[in-house]
Amino acid sequence: MDEKVEAPKDYEDLIRAIHDRYDGMSKSYQKIALYLTQNPNDVAVRSVNSIGEGSGVHASSFVRFAQALGYEGFKDLQSLFQKRLSTAAPGFEARVKALEKELGERTDRSEMGFMHDLVVRDIASLKEMLTGIQPEDLAEAVSLLEKADVVYLMGQLRSAPVVELLRYILTMLGKRCVLLDPGGGLATHMARAMRKTDLLFAVSFRFYANEVVNVVEEAAGRGIPIVAISDSTLSPLAKSARVLFAVPEHEYTFSRSLAAPMCLAQALTVALAARLQNNAVNPRIPTVTER
């Protein structure tokens, strides 16, 4: 990746170039690539030293990464992220900068302080979904859910609560679904029962659960449609998914917050309910406590 190349001219070209070269990058460059694709707003508003601290990679490596892509230095690469942010929804850049300022100035290390920090980060992640999620992707994912004979759900470790929520709501909506639970070691074997008329809905974040990645790749090889939620367009789920929702974290904290992925899962099922019930005004699901 160190030969002289023509630098990408805009943000979209840069992301394509990163994807095209990702497999051939060194581990440190792959770590930088993941950070850039997962935290575009942070990259736009923070200094290279601050970005280095947040990513765990020395700032000088970010400079070399930019030069390897054909830029004179990191600022030239960063300018593409700044342009992307400035053309986002009105007021979005100001909100991101305000959240960054609030996070950077926090000195309260009490229990309430930790909660405040987490809430601020979740607010940032939720707001970023409004510009990061494409309407056509939402529509296609809901269409796949609607027409699937059976929806197979798979998510392990930190991702498990997301698919548990999906299983609950889909079941209450009357959709047949199967949770590929790792218990008993049968998830991979159960996945082999999937047909092309079914759908695999997979959720996985770094560090991606091996069984989830393997099942997704095997299912894609058999032509089974896949909807995935992950944390990056460089996720190992990306190449197999018919629809990929990349939901980055607003900087890594104690453990991945599920506020944004849960909101996305809820949004998909609300939209599905609206179609199934032919009710775009107030779709709802029955509850187990109803009489």
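Everything below is about the structure shown above.
So, here's what we can say about the structure. Every value quoted in this text rests on a predicted model; they were computed, and no experiment measured them.

### Some remarks on the nonpolar core
Counting residues in hydrophobic clusters, the biggest one holds 51 residues, and the most contacted among them are Ile-18, Leu-36, Phe-65, Leu-77 and Leu-200. It is helix α2 (residues 27-38) that provides the largest number of residues to this core, a total of six residues. Ignoring any residue separated from it by four or fewer positions in sequence, one finds Leu-77 in contact with Leu-14, Leu-36, Phe-65, Ala-66, Leu-69 and Tyr-71. Counting residues in each nonpolar core, the second largest holds 33 residues, with Ile-169, Leu-179, Leu-258 and Ala-260 among its members.

### Remarks on the sheet that holds strand β2 (residues 177-179)
Strand order in the open sheet formed by five strands is β2-β1-β3-β4-β5, and the pairing between neighbours is parallel. Each edge of the open sheet is held by one strand with a lone partner, namely β2 and β5 (243-246). Averaged over all pairs of adjacent strands, the angle between strand axes in this sheet comes to 15 degrees, irrespective of strand direction. The sheet contact formed by strand β3 (residues 199-203) and strand β4 (residues 226-230) spans four bridges and is parallel.

### Comments concerning the pairing of β4
When you tally the buried positions in β4, you get five out of five residues, the bulk of the element. Residues of β4 alternate between two faces, with Ile-226, Ala-228 and Ser-230 on one and Val-227 and Ile-229 on the opposite face, all of them buried. Once you follow β3 into helix α12 (residues 210-221) and on to β4, the crossover reads as right-handed. As paired strands, β4 and β5 are joined by four bridges and run parallel to one another. Counted as the bridge partner of Ile-229 is Phe-245 from β5.

### With respect to the side chain of Ser-159
With respect to the helices and strands, the residue Ser-159 is situated in the loop between β1 (151-155) and α10 (160-172). One polar contact links the side chain of Ser-159 to the main-chain carbonyl oxygen of Val-203, over a distance of 3.4 Å. Those residues in contact with Ser-159, other than ones at most four positions away along the chain, are Val-203, Ser-204 and Phe-205.

### Some details on the packing of aromatic side chains
Under the criterion given, the structure shown has four aromatic pairs. Geometrically, the ring pair formed by Tyr-11 and Phe-81 is edge-to-face, given 5.2 Å between the ring centres and 80 degrees between the ring planes. Here Tyr-11, found in helix α1 (residues 11-21), pairs with Phe-81, found in helix α6 (residues 74-86); they are 70 residues apart in sequence, far enough to count as distant. Pair check on accessibility: Tyr-11 and Phe-81 agree, each one buried. Seen from their ring centres, Phe-62 and Phe-74 are 5.9 Å apart, and the 90 degrees between their planes marks the pair as edge-to-face. Here the residue Phe-62 occupies a position in helix α5 (residues 59-68), and Phe-74 occupies one in helix α6, the gap between them amounting to 12 residues. For Phe-74, a relative accessible area of 5% puts it in the buried group.

### Section: helix α4 (residues 48-55)
Within α4 the residues assigned to the buried category are Ser-50, Ile-51, Gly-52 and Ser-55. Gly-56 lies just past α4 and shows a positive phi near 80 degrees.

### A look at the pairing of β3
Looking down a regular strand, the side chains alternate between one sheet face and the other. In terms of residue burial, β3 counts as a mostly covered element, since five of its five residues are buried. Residues Leu-199, Phe-201 and Val-203 of β3 are buried on one face, and the alternating residues Leu-200 and Ala-202, pointing to the opposite face, are buried as well. One ladder, built from five bridges, connects β1 with β3; its direction is parallel. Counted as the bridge partner of Leu-153 is Phe-201 from β3.

Rules of the game
Residues numbered from 1 in each chain as written. Predicted model: local features only at pLDDT ≥ 70, side-chain atom pairs only at ≥ 80, totals over all residues. Heavy atoms only, no water. Core = buried A, V, L, I, M, F, W, Y, C linked by side-chain atoms within 4.5 Å. Buried < 20%, exposed > 50% of the residue type's maximum accessible area, 1.4 Å probe, protein only. Helix = DSSP H or I, 4+ residues; strand = E, 2+ residues; numbered from the N terminus. Contact = heavy atoms within 4.5 Å. Pairing = 2+ DSSP bridges. Axes fitted to C-alpha atoms, helices over the stretch in contact; angles between N-to-C directions. Right-handed = clockwise from strand over helix to strand, strands pointing away. Polar contact = N/O pair within 3.5 Å; in protein donor to acceptor, adjacent residues only side chain to side chain. Phe/Tyr/Trp six-rings, centres within 6.5 Å; stacked < 30°, edge-to-face > 60°.

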